[in-house]
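The lines below spell out each chain.
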Amino acid sequence: MSMSGILSTDNKKVEVLLSKLILAGSYRVGKTSIRRNFMGDAFIKDYLSTLGADFSVKKLSLGEKNGTELLVELQIWDIAGQEGFASLRARFFQGASAAFLVYDVNTPSTFNDLENWLLQLWAVQNKQKIPLIFIGNKTDLDTPPYKVSEHQVIEFIKQLKIKYELEDVEIHYIFTSALSGENILETFEMISEIIYERWVNISKKGP
Ligand SMILES: Nc1nc2c(ncn2[C@@H]2O[C@H](COP(=O)(O)OP(=O)(O)O)[C@@H](O)[C@H]2O)c(=O)[nH]1
Ligand SMILES: [Mg+2]
């Protein structure tokens, strides 16, 4: 993560925090659709398996603090066609500021895959555990309780925190629909706030 100070056209001070955000999770859970919805691109009903690392950049404003506008520039890395290629993933995960781990609320196997995704992510992070949001996507296809219930997600997070000693790591969950757009912007706003707060804390503590 790095902060760069720039001056906007109306001479107001703007600070931009650059961050790499990973979108990971099993095949077909909706990662590309979530990214597309956030970017304002149209929803694609037919499945297009993404090849290579898809990548989008977008700035989100966190508003003004002490007369300076704060922007988080999210470089969103969509794991795309690499779900099955373990060797390609390490490069992909390097230098990440935060991660979305996506599953389909109607497909329990995609939820059961999450711990494996986490272990792969952590394997390249040198023990520094980045903030996470578990995204239960495709809520439009059913009504709660989903096949993977909210209770299961809460229990899963509790157990992870104990098993891997994650008291200080931000782990959240949210339910989205990339089809209706429900909670998509909120999810990106939530991670931007977390990334910013974490950056402030790290800067205070020093290296
Ligand atoms: N009903 C519904 N379908 C979705 C949603 N998100 C993605 N899909 C569909 O699920 C399939 C896989 O989506 P995609 O974003 O390519 O998944 P990825 O492999 O994780 O990138 C596509 O047919 C999408 O149209 C959603 O929120 N609701
Ligand atoms: Mg994809």
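Use the structure listed above.
What you are looking at is a predicted structure, and each value in this text was computed from that prediction instead of being measured.

Basis of the calculations
- Residues numbered from 1 in each chain as written.
- Chains lettered and ligands numbered in written order.
- Predicted model: local features only at pLDDT ≥ 70, side-chain atom pairs only at ≥ 80, totals over all residues.
- Helix = DSSP H or I, 4+ residues; strand = E, 2+ residues; numbered from the N terminus.
- Contact = placed C-beta atoms within 7 Å.
- Expected span 1.5 Å × (residues − 1).
- Buried ≥ 20, exposed ≤ 12 C-beta atoms within 10 Å, placed from the backbone.
- Arc of directions from axis to C-beta.
- Axes fitted to C-alpha atoms, helices over the stretch in contact; angles between N-to-C directions.
- Parallel < 35°, antiparallel > 145°, perpendicular 65-115°, else oblique.
- Nonpolar A, V, L, I, M, F, W, Y, C, P; charged D, E, K, R; others polar.
- Near = placed C-beta within 6 Å.
- Core = buried A, V, L, I, M, F, W, Y, C linked by C-beta atoms within 7 Å.

**Describing the overall build of the protein**
Next up, step 1: From N to C terminus, the protein includes 6 helices and 7 strands.
Next up, step 2: Listing every helix and strand of the protein by position from the N terminus yields β-β-α-β-β-α-β-α-α-β-α-β-α.
Next up, step 3: Residue pairs in contact within the protein that sit at least 24 positions apart in sequence constitute 70% of those at least 6 positions apart.

**A short note on helix α5 (residues 150–163)**
Next up, step 1: End to end, α5 covers 20 Å across 14 residues, agreeing with the expected 20 Å (1.5 Å per residue, within 8%).
Next up, step 2: Taking burial as the measure, the 14 residues of α5 include 1 buried ones, a minor fraction of the element.
Next up, step 3: One or two positions beyond α5, positive phi appears at Glu165, with a value near 50°.

**Section: helix α6 (residues 184–205)**
Next up, step 1: Taking 1.5 Å per residue, 22 residues should reach 32 Å; α6 reaches 32 Å between its end C-alpha atoms and fits that length.
Next up, step 2: Within α6, the full set of buried residues consists of Ile184, Thr187, Phe188, Ile191, Ser192, Ile195 and Tyr196. Along the axis of α6, the buried positions cluster into a sector of 165°, meaning they face one direction only. Residues of α6 that are exposed and point more than 90 degrees away from the buried face comprise Glu186, Asn201, Lys204 and Lys205.

**Some points on the packing of helix α1 (residues 31–39) against α6**
Next up, step 1: Two elements in contact, α1 and α6, have axes whose closest approach is 9 Å; the angle formed by their N-to-C orientations is 90°. Looking at the two axes, α1 sits roughly perpendicular to α6. Along the contact surface, α1 presents Ile34, Asn37 and Phe38, while α6 presents Ile184, Leu185 and Phe188.
Next up, step 2: In terms of residue class, the contact of α1 with α6 is built from 5 nonpolar, 1 polar and no charged.

**Points about the environment of Leu18**
Next up, step 1: Here Leu18 shows up in strand β2 (residues 13–25).
Next up, step 2: A count of 17 C-beta atoms within 10 Å places Leu18 in the partly exposed class.
Next up, step 3: Residues Leu18 and Ser97, 79 residues apart in the sequence, show an inter-C-alpha distance of 9.1 Å.

**Examining unusual backbone geometry**
Next up, step 1: Residue Pro144 is joined to Pro145 through a cis peptide bond whose omega torsion reads -5°.
Next up, step 2: Following the sequence through the fold, Pro145 ends up in the loop between β6 (132–137) and α5.
Next up, step 3: The residue Arg28 is not glycine, and still its phi comes out positive at about 70°.
Next up, step 4: Residue placement: Arg28 occurs in the loop between β2 and α1.
Next up, step 5: By the C-beta count within 10 Å, which is 15 here, Arg28 ends up partly exposed.
Next up, step 6: We note that Glu165 has phi near 50°; this positive angle belongs to a residue other than glycine.
Next up, step 7: Looking at where Glu165 falls in the secondary structure, it is placed in the loop between α5 and β7 (171–175).

**Concerning the site of ligand 1**
Next up, step 1: Around ligand 1 sit 18 residues in total, of which Gly30, Lys31, Thr32, Ser33 and Leu179 are the nearest.
Next up, step 2: Per-element tally for the shell around ligand 1: the top contributor is α1, with 3 residues.
Next up, step 3: Its residues assigned to classes, the shell around ligand 1 comprises 7 nonpolar, 6 polar and 5 charged.

**Notes on the environment of Ser180**
Next up, step 1: Secondary-structure assignment places Ser180 in the loop between β7 and α6.
Next up, step 2: For the pair Ser180 and Asp140, spaced 40 residues apart in sequence, the C-alpha to C-alpha distance is 7.2 Å.

**Brief notes about the nonpolar core**
Next up, step 1: Membership of the largest hydrophobic core comes to 44 residues, with the highest contact counts inside it found for Ile22, Leu23, Ala99, Phe100 and Leu101.
Next up, step 2: For this core, the secondary-structure elements that each account for two or more residues are β2, α1, β4 (68–78), α2 (86–93), β5 (98–104), α4 (114–123), β6 and α6.
Next up, step 3: The contact partners of Leu101, leaving out residues within four places of it in the chain, are Ala24, Gly25, Leu114, Trp117, Leu118, Leu132, Phe134 and Ile135.

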